[in-house]
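Residue-level listing of the chains:
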Protein chains: 2
Amino acid sequence: MANTTVDLDHALAVATDLAIQAGEQLLTRARERITPSGAQLTIAQKLNAVDLVTEADEDAEKVIRNGLKKHFPDHAFVGEESYGQGMPNNEYIVGDEPTWVVDPLDGTVNYIHLFPTVCVSIGLCVGGVPVVGVIYAPFFGAAYPPDGSASAAPSGHLFTAIQGRGAFISSDGGKSRRALPLQSPAPPIPPNAPKGCTLAVEWGKDRRDVPGGNLERKVNSFWNLAGEIGGRNGKGGMVHGVRSLGSATLDLAFVATGAIDIFWEGGCWEWDVCAGICILVEAGGIVVDCNPPEGFDPSVSSTTPIPAAPLGGRRYLAIRPCSDSPESSETAREAQDRLVREVWKRVEGVTYSRPGL
Amino acid sequence: MANTTVDLDHALAVATDLAIQAGEQLLTRARERITPSGAQLTIAQKLNAVDLVTEADEDAEKVIRNGLKKHFPDHAFVGEESYGQGMPNNEYIVGDEPTWVVDPLDGTVNYIHLFPTVCVSIGLCVGGVPVVGVIYAPFFGAAYPPDGSASAAPSGHLFTAIQGRGAFISSDGGKSRRALPLQSPAPPIPPNAPKGCTLAVEWGKDRRDVPGGNLERKVNSFWNLAGEIGGRNGKGGMVHGVRSLGSATLDLAFVATGAIDIFWEGGCWEWDVCAGICILVEAGGIVVDCNPPEGFDPSVSSTTPIPAAPLGGRRYLAIRPCSDSPESSETAREAQDRLVREVWKRVEGVTYSRPGL
């Protein structure tokens, strides 16, 4: 099905409304947990934090699913909460038809603990490709207004994109927008990258202590990228900083702003990245496999273009938007691919995969 | 000099004004870097990002130092920027007299890259103890208003405390406040902590690849705390999540809110932690040495109270506010000390120290 069969402006407007509605609802629920007064206290005492979050998460998904169904009754829907209950084999089910791919609450651990890196993520795929993306981070705003003023205008970070039309950030619910990346023109990729780059990584849920397991591979990869140049058996990358937010979706959003140069992660799912990939690609970034390809030889230089990561492949390496180098003939894309290879030289491949991909 | 010689309400009011003024100035400078129009573009093109940040950082310190001098001409001042230029031996100079301990820009790497975990930190010590603390995080608000509306009311996260009078968070510059920790009563420390806890750590600047070096000790400690229970030679802590913000000050602020259960870090300085310690302690948290004491035997259980970390000791382990356990006779402080010991069992001591402390 071609993109032209979906009114993408209408899709973005609906998705933005629903992301803000769901996000503000999550914020209100969080405030109820921290306001020891009246009926709200009763709720907070009856349920523990995890129950409260599960309920908030499922309710946010309902808001989004029902809203999308009303406006786009023929579109398919893949949401983290509903998918998790019906897909024991983890089958990848995003097809060619217009499909909304939704994480109503990315950063659940953060939300349980009231840590602010939490967001709502709504993506629309057509032909299997993300064409609309909306991410709303309600705690990145005036999150703690006086009691009773919860109806204040939404002020969280809102990230949006439509395929071919650029990506944007807003602090007023989309009424005014700034183009992404934030710096224009985007700075070039440094010649000695990953040195000087910010790196976002996540420790994830797979904590098994087995030789060659994902946790070991991740830690060695983080360590290599952080270590001094020349250290770590020559793999030291001396990145400028290592950040972990506990939200792959926000990691991608901050790659799109240009604030994070490199996001390297295995283990997340299409609803964690669908909106983020749309926004990042529209901002000028790329998303490829976090694992080096079979036969990758770090000693052989190459300029073969690197293919995009499949949406449901669970392995992602994102590089920020950049400009052509003023000092060489290197194009922006060549510089991004160069940085991908520099990361591949330093990481140990993780074992996440997906049936059918 | 006794606390009563300083009007702490006045000190808090002045510090709050100056933190917001400096923070909003940092935000404005950041917006200038991302607004390619008119004179602002000229500035951004003339200097590179690091120069722009150095200038912003020094100007923010000037705002704060001059403001404090005007209101408190007799007080001493230790600021990151001015200290760094005059103290080659890293001598600890906070004495008993009223001393303002200021980081005008914590999270410099973040600010260079336009990553939002940036803050201004202003603490006042009397008798060597933090008695007033103000942290202002300007990007945790409506950071991207329409161009030309930079004069909007400050909406960043503002954290404040006065010794003996509690700690607070505000989204409107302090006009309305919520008490910290956010949840009241604060949840007890889980019986099997660090399992279930959020952990904040920082990779820091010491990236030397030497056996027994700080990077190795840190990575092994992070890995132990993250690994599954029973893994890592019995040291696996299975924390709920590992977060790295690139700002020790904000890490402490989020321990004070209760969002982070454990902050474990070596290498930062008194201006990174002075305001944060005041706020955290007022919220009900504790800050002790991140290294186990000499002779610490993980196999021997103990209930000996654990002393607070010295302000300038460069080694910090912070535990969030909590309540007495409803299921046992364990007090809040006993539970915090229990969690400290559980962390000490799993970490490798770092080698940061301070002459004279």
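Residues numbered from 1 in each chain as written. Chains lettered and ligands numbered in written order. Predicted model: local features only at pLDDT ≥ 70, side-chain atom pairs only at ≥ 80, totals over all residues. Heavy atoms only, no water.

An unreviewed UniProt entry lists chain A under the name Inositol-1-monophosphatase, from Piloderma croceum. According to the UniProt record, the Cofactor (unreviewed entry) comment for chain A reads "Mg(2+)". (UniProt positions renumbered as here; feature names shortened; annotations may be inferred.)

**Q** I'd love a proper account of the overall build of chain A, names of residues and values included.
**A** Each helix and strand counted, chain A has nine helices and twelve strands in total. Relative to the globule expectation of 21 Å for 357 residues, the C-alpha radius of gyration of chain A, 20 Å, shows essentially globular dimensions. With the C-alpha coordinates of chain A rotated into their principal frame, the extents come out at 65 × 45 × 40 Å. Here chain A holds 357 residues, and the buried ones make up 60% of them. (Helix = DSSP H or I, 4+ residues; strand = E, 2+ residues; numbered from the N terminus. Rg over C-alpha atoms; globule rule 2.2 N^0.38 Å. Buried < 20%, exposed > 50% of the residue type's maximum accessible area, 1.4 Å probe, protein only.)

**Q** Outline the interface of chain B and chain A, listing residues and values.
**A** Taken together, the 66 residues of chain B in the interface contact 66 residues of chain A. The three residues of chain B that bury the most area against chain A are Tyr144, Arg178 and Arg207 of chain B, which together make up 14% of that side's buried surface. The tally of links from chain B across to chain A stands at 23 residue pairs in polar contact (both at pLDDT 80 or more). Those elements that place two or more of their residues in the side of chain B that touches chain A are helix H1 (8-34), helix H5 (108-113), strand E6 (167-170), helix H6 (214-226) and strand E9 (241-243) of chain B. Of all the elements, H6 of chain B adds the most residues to the side of chain B that touches chain A, at seven residues. Residues that form the side of chain B that touches chain A fall into these classes: 30 nonpolar, 22 polar and 14 charged. (Contact = heavy atoms within 4.5 Å. Buried area = accessible area lost by both parts, 1.4 Å probe. Polar contact = N/O pair within 3.5 Å; in protein donor to acceptor, adjacent residues only side chain to side chain. Nonpolar A, V, L, I, M, F, W, Y, C, P; charged D, E, K, R; others polar.)

**Q** An account of the UniProt feature "binding site: Mg(2+)" (unreviewed entry) in chain A is needed here, citing residue identities and associated values.
**A** Residue and element names in this part refer to chain A. Those residues carrying the UniProt feature "binding site: Mg(2+)" (unreviewed entry) are Glu80, Asp103, Leu105, Asp106 and Asp272 in this numbering. The greatest C-alpha distance among the residues just named is 9.3 Å, despite their covering 193 residues of sequence, which places them together in space. With respect to the secondary-structure elements, Leu105 resides in strand E2 (residues 99-106). The exposure class assigned to Leu105 is buried, which follows from its relative accessible area of 0%. Setting aside chain neighbours within four positions, we find Leu105 in contact with Leu26, Val53, Asp57, Glu80, Tyr111, Val118 and Cys119. Assignment of secondary structure puts Asp272 in helix H8 (residues 270-283). Filtering out sequence-adjacent residues up to four positions away, Asp272 remains in contact with Asp103, Asp106, Ala248, Thr249 and Leu252. Here the side chain of Asp272 touches Trp269 through a polar contact of 2.8 Å, landing on its backbone nitrogen.

**Q** Could you give an account of the packing of aromatic side chains, naming the residues involved and the relevant values?
**A** One pass over the full model with this rule turns up 21 aromatic pairs over all chains. Relative to Phe222 of chain B, the ring of Trp203 of chain A lies with its centre 6.4 Å away and its plane at 75°, an arrangement referred to as edge-to-face. Of the two residues, Trp203 of chain A sits in the loop between strand E8 (198-200) and helix H6 (214-226) while Phe222 of chain B sits in helix H6, which places them in two different chains. A residue is classified by how much of its surface remains accessible, and Phe222 of chain B, at 1% relative accessible area, is buried. Ring geometry for Phe296 of chain A and Trp344 of chain A: centres 5.5 Å apart, planes at 75°, overall edge-to-face. With a gap of 48 residues between them, Phe296 of chain A in the loop between strand E11 (286-288) and strand E12 (315-319) and Trp344 of chain A in helix H9 (residues 332-344) connect regions that are remote in the sequence. A relative accessible area of 6% places Trp344 of chain A in the buried class. Each member of the aromatic cluster is reached from another via a ring pair, and the members are Phe115, Phe140, Phe159 and Phe254 of chain A together with Phe115, Phe140, Phe159 and Phe254 of chain B. Above the face of the Phe168 of chain B ring, Arg177 of chain B is positioned so that its terminal group lies 3.6 Å from the ring centre. Here Arg232 of chain B stacks its cationic end above the ring of Trp223 of chain B, 4.0 Å away from the centre of that ring. (Phe/Tyr/Trp six-rings, centres within 6.5 Å; stacked < 30°, edge-to-face > 60°. Lys NZ or Arg CZ within 6 Å of the ring centre and 35° of its normal.)

**Q** I'd like a rundown of the packing of helix H7 (residues 248-257) of chain B against helix H8 (residues 270-283) of chain B, residues and numbers included.
**A** Packed helix pairs are characterised by how far apart their axes lie and by the angle those axes make with each other. All names here are of chain B. At a minimum axis separation of 8 Å, H7 and H8 run at an interaxial angle of 5°. As the angle between them shows, H7 and H8 are arranged roughly parallel. The segment H7 lies against H8, with Ala248, Thr249, Leu252, Val255 and Ala256 engaging Asp272, Val273, Gly276, Ile277, Ile279, Leu280 and Ala283. For the contact of H7 with H8, a count of residues per class yields nine nonpolar, two polar and one charged. (Axes fitted to C-alpha atoms, helices over the stretch in contact; angles between N-to-C directions. Parallel < 35°, antiparallel > 145°, perpendicular 65-115°, else oblique.)

**Q** With reference to specific residues and values, describe the sheet that holds strand E10 (residues 262-266) of chain B.
**A** All names here are of chain B. Spatially, five strands are ordered E9-E8-E10-E12-E11 in an open sheet, and the strand pairing comes out mixed. At either margin of the open sheet sits one strand with a lone partner, and together these are E9 and strand E11 (286-288). Averaged over all pairs of adjacent strands, the angle between their axes in this sheet comes to 20°, without regard to strand direction. Here strand E8 (residues 198-200) pairs with E10 via two bridges, running parallel. Pairing of Ala200 across the sheet is with Phe263, part of E10. (Pairing = 2+ DSSP bridges.)

**Q** Explain the pattern of salt bridges residue by residue, including any values.
**A** All names here are of chain A. Within this structure, the stated rule accounts for 28 salt bridges over all chains. The partner of Glu270 in a salt bridge is Arg354, with the nearest N and O atoms 2.6 Å apart. Pair noted here: Glu270 is in helix H8 and Arg354 is in the segment after H9, with a separation of 84 residues, a long-range link. With a relative accessible area of 4%, Arg354 lands in the buried category. (Salt bridge = Lys/Arg side-chain N within 4 Å of Asp/Glu carboxyl O.)

**Q** Explain the relation of the copies chain B and chain A to me, using residue names and the numbers behind them.
**A** Once chain B has been moved 0.0 Å along the axis and rotated by 180°, it coincides with chain A to within an RMSD of 0.0 Å. Accordingly, the operation relating the two chain copies is best matched by a two-fold axis. Closest approach to the rotation axis within chain B is made by the C-alpha atom of Gly141 of chain B, at a distance of 1.9 Å. Interface overlap between copies is the fraction of interface residues in one copy that are interface residues in the other; for chain B against chain A it reaches 100%, indicating a shared surface. (Least-squares fit on C-alpha atoms with pLDDT ≥ 70 in both.)

**Q** Could you give an account of the side chain of Ser325 of chain B, with specific residues and numbers?
**A** All names here are of chain B. Examined against the element boundaries, Ser325 turns out to sit in the loop between strand E12 (315-319) and helix H9 (332-344). Residue Ser325 is classed as buried on the basis of its relative accessible area of 18%. Excluding residues within four positions of it along the chain, Ser325 makes contact with Pro188 and Glu330.

**Q** Can you explain the sheet that holds strand E4 (residues 129-137) of chain B? Please cite residues and give values.
**A** Residue and element names in this part refer to chain B. On the basis of which strands lie adjacent, the open sheet formed by seven strands has the order E1-E2-E3-E4-E5-E6-E7 and mixed pairing. What marks the edges here is a single partner per strand, and that holds for strand E1 (76-79) and strand E7 (178-180). This sheet shows a mean twist of 20° between the axes of neighbouring strands, independent of strand direction. With seven bridges joining them, strand E3 (residues 119-126) and E4 adopt antiparallel strand pairing. By the bridge assignment, Val126 is partnered in E4 with Val129. Sheet contacts for H8: E1, strand E2 (99-106), E3, E4, strand E5 (157-162), E6 and E7; angle to E4, the most-contacted strand, approximately 100°.

**Q** Explain the domain arrangement of chain A to me, and be specific about the residues and the numbers.
**A** Residue and element names in this part refer to chain A. Structurally, chain A comprises domain 1 (3-177) and domain 2 (198-344). Placing a centre on the C-alpha atoms of domain 1 and another on those of domain 2 gives a separation of 25 Å. Taken together, the contact between domain 1 and domain 2 spans 39 residues of the former and 23 residues of the latter. Approximately 2200 Å² of surface area, both sides summed, lies buried where domain 1 meets domain 2, with 74% of it carried by carbon and sulfur atoms. For the pair domain 1 and domain 2, the interface holds zero salt bridges. Where domain 1 packs against domain 2, one counts nine residue pairs in polar contact (both at pLDDT 80 or more). By residue number, the principal contributor to the side of domain 1 that touches domain 2 is strand E4 (residues 129-137), which donates seven residues. Looking at the side of domain 1 that touches domain 2 residue by residue, the classes come out as 23 nonpolar, twelve polar and four charged. (Domains from an automatic or database assignment.)

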